[in-house]
Amino acid sequence: MLRNFTAATIAATFTFAASTLSAQVNLTSNAAGAGTAGALSATSLVENAAERGIANIQLKDGQTGTKYTLALAEGKIDLASAPFVLPFLMSRAAGPFSNLDKEAAKELGHSIQMLYPYTFSIFTLYAYDAKGIGGWEDLRGLKVLNGPPRGTAALNSRSLIQLFTGMKSEEDYETVTVSWGQMAAAIVDGTVDAAVIPVMFPGPRVTQASAAGDMTMYSMPKEAFEAEATQKFLNKPGSTPFIASLADIQAAMGDGWTIVSDDDMFRGKAVPGGDLVHKSMDEELAYQLTKSHIENLDEIRALAPFMATLNFGDVSEEANGLCGANIVKFHPGAVRAWEEAGHTLPDCAKP
């Protein structure tokens, strides 16, 4: 049965977790905005760990990923729901972590391991039908929402537009950046003409926007998507190519949406990540937490309509962008839990 987590429900979950009999340890967890895949996954772990007496987990959602990923690496919190690109950038003292000492940053980035992976969201293009946009090539001269002012999302958005159209930000179109919490309003009130940002099928942001009018979402062009340069970009750390049945995406989005593609498949850029821990976490604790996740996968996929499309339970290298330049590996306790449950993990993703 589908369960939708409202703020009240989440609060009740925390109360339940705090009162669970004989929980063995107290843990702290951070996640991004409520209602996102990361926050729902983290909330589920709170409940599952409490029900089994594994741990009481105090979860703070609505937090900033760059800040809490660093806090995890420094051992200040125990769990974090975050995309894989953040530990990678941290290890290089790059992007939002450029102020870190390079040697210290390398050690910090490699101190993070995962319990389980999943997809956070998928970059795509969408706009109101009233805007008269026919696809990626129609962005010239328009105001395009690229993401928040800081972080990697806006950079990815601009790069995708240039890959698929050759258009450059501020030269060929006007780039607009607002905070994640302001994006739906920017779309609804006409601050932007189109959005090239991460979505879920359907996530809270697109649902809110489509309530104000019919919208169209555009798959990435097939020929350009399959080009060598694009595949290289889509397979960089923190990214994976996303391909799904067009009919499945249309069914997930429902009435009020038109999904457009060159064929019967939908293509986008996925943002893989997972629920992460410090490598020093006790092996038995990591095993029990991961086991509780595995045993509740069907329930987790039913938490919201979009959760079924985000690779929960898929531990493959391809789906999650594991190995290669991605430095995040499974915690030894997680390896034991997944293999005990009959799953095969990529050897390159084991510690």
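In the block above lies the structure referred to throughout.
A quick note: this is a predicted structure, and the numbers were derived from the prediction, not measured.

About the cut-offs
- Residues numbered from 1 in each chain as written.
- Predicted model: local features only at pLDDT ≥ 70, side-chain atom pairs only at ≥ 80, totals over all residues.
- Heavy atoms only, no water.
- Helix = DSSP H or I, 4+ residues; strand = E, 2+ residues; numbered from the N terminus.
- Rg over C-alpha atoms; globule rule 2.2 N^0.38 Å.
- Buried < 20%, exposed > 50% of the residue type's maximum accessible area, 1.4 Å probe, protein only.
- Contact = heavy atoms within 4.5 Å.
- Lys, Arg positive; Asp, Glu negative; His and termini not counted.
- Charge placed at Lys NZ, Arg CZ, Asp CG, Glu CD.
- 1 Å grid on protein atoms, 1.4 Å probe; cavity = no way out; pocket = protein on both sides within 12 Å on 5 of 7 lines; lining within 4 Å.
- Points joined across faces, edges and corners; volume = space filled by probe spheres on them.
- Nonpolar A, V, L, I, M, F, W, Y, C, P; charged D, E, K, R; others polar.
- Expected span 1.5 Å × (residues − 1).
- Arc of directions from axis to C-beta.
- Core = buried A, V, L, I, M, F, W, Y, C linked by side-chain atoms within 4.5 Å.
- Axes fitted to C-alpha atoms, helices over the stretch in contact; angles between N-to-C directions.
- Parallel < 35°, antiparallel > 145°, perpendicular 65-115°, else oblique.
- Left-handed = near helix turned anticlockwise from the far one by under 90°.
- Salt bridge = Lys/Arg side-chain N within 4 Å of Asp/Glu carboxyl O.
- Pairing = 2+ DSSP bridges.
- Right-handed = clockwise from strand over helix to strand, strands pointing away.

Here we take up the overall build of the protein. In terms of regular secondary structure, the protein is built from 15 helices and 12 strands. Computed over the C-alpha atoms, the radius of gyration of the protein is 20 Å, within 12% of the 20 Å expected from 2.2 N^0.38 for a compact globule of 351 residues. Each principal axis of the C-alpha distribution contributes one length, and for the protein these read about 60 × 45 × 35 Å. Counting all 351 residues of the protein, 54% fall into the buried class. Counting only contacts in the protein whose residues sit at least 6 apart along the sequence, the fraction spanning at least 24 positions is 76%. Averaging the locations of the 26 positively and 39 negatively charged side chains of the protein gives two centres separated by 7 Å.

Right, let's talk about empty space enclosed by the protein for a bit. Applying the stated criterion across every chain, the model contains 1 cavity of 30 Å³ or more. Forming the boundary of the largest cavity are Tyr-126, Ala-127, Tyr-128, Lys-131, Ile-187, Val-192, Asp-193, Ala-194, Ala-195 and Met-215. Secondary-structure elements contributing two or more residues to the lining of the largest cavity are strand E4 (112-128) and strand E7 (194-199). Looking at side-chain class alone, the lining of the largest cavity contains 8 nonpolar, no polar and 2 charged residues.

Empty space left among the atoms is revealed by rolling a probe the size of a water molecule over them. Of the volumes computed, that of the second largest pocket is approximately 340 Å³. Where the lining of the second largest pocket is concerned, the elements lending two or more residues are strand E9 (240-245) and helix H14 (317-320). The greatest single-element share of the lining of the second largest pocket, amounting to 4 residues, is contributed by E9. Taken together, the residues of the lining of the second largest pocket break down into 9 nonpolar, 8 polar and 3 charged.

This part covers helix H6 (residues 153-165). Under the 1.5 Å per step criterion, the end-to-end length of H6 is 18 Å for 13 residues, consistent within 8% with the ideal 18 Å. Along H6, the residues that are buried comprise Ala-153, Ala-154, Asn-156, Ser-157, Leu-160, Ile-161, Phe-164 and Thr-165. Projected down its long axis, H6 shows its buried positions confined to an angular sector of 160°, all on one face. Phi turns positive one or two residues past the end of H6, at Gly-166, with a value near 80°.

Let's shift gears to the nonpolar core. Counting residues in each nonpolar core, the largest one holds 118 residues, and the members touching the most others are Tyr-126, Leu-139, Ile-187, Leu-289, Met-307 and Phe-330. Looking at this core, the element that brings in the most residues is E4, giving 12 residues. Setting aside anything within four residues of it in sequence, one finds Leu-139 in contact with Leu-125, Val-144, Ile-161, Met-167, Asp-172, Tyr-173, Ala-194 and Val-196.

Moving on to the packing of helix H12 (residues 283-294) against helix H15 (residues 332-340). The N-to-C vectors of H12 and H15 enclose an angle of 40°; their axes lie 7 Å apart at closest approach. It follows that H12 is oblique to H15 by the angle criterion. Classified by chirality, the crossing of H15 by H12 is right-handed. Residues Glu-283, Glu-284, Ala-286, Tyr-287, Thr-290, Lys-291, His-293 and Ile-294 of H12 lie in contact with H15, whose contacting residues are Pro-332, Gly-333, Ala-334, Arg-336, Ala-337, Trp-338 and Glu-340. Here the contact of H12 with H15 is built from residues that sort into 7 nonpolar, 3 polar and 5 charged.

A separate point is the pattern of salt bridges. Counted by the stated rule, this structure contains 12 salt bridges. Glu-284 serves as the salt-bridge partner of Arg-336, at 2.6 Å between the closest nitrogen and oxygen. Taken together, the positions of Arg-336 in helix H15 and Glu-284 in helix H12 put the pair 52 residues apart, joining distant regions of the chain. For the salt bridge of Lys-350 with Glu-339, the shortest nitrogen-to-oxygen distance reads 2.7 Å.

The next point concerns the pairing of strand E6 (residues 174-177). Pairing of strand E5 (residues 143-147) with E6, which is carried by 4 bridges, proceeds in the parallel orientation. Residue Val-144 lies in a different strand from E6, and its bridge partner there is Thr-175. Taking the sense of rotation as the criterion, the β-α-β connection linking E5, H6 and E6 turns out right-handed.

With an omega dihedral of -10°, the bond running from Phe-201 to Pro-202 counts as a cis peptide bond. Position of Pro-202 among the secondary structure elements: in the loop between E7 and helix H8 (204-210). Not every positive phi belongs to a glycine, and Asn-311 is a case in point at roughly 65°. Topologically, Asn-311 is positioned in the loop between helix H13 (297-301) and H14.

In an α-helix, one turn spans 3.6 residues, which is why side chains three or four residues apart end up on the same side. Those residues of helix H11 (residues 246-253) that fall on the buried side of the exposure criterion are Leu-246, Ile-249 and Met-253. Looking straight down H11, one finds its buried side chains confined to an arc of 65°; they lie on one side. Facing away from the buried side of H11 by over 90 degrees, the exposed positions are Ala-247, Asp-248 and Ala-251. Summarising the contacts, the buried residues of H11 are in contact with H8, strand E8 (215-218), E9, strand E10 (257-260) and strand E11 (265-278).

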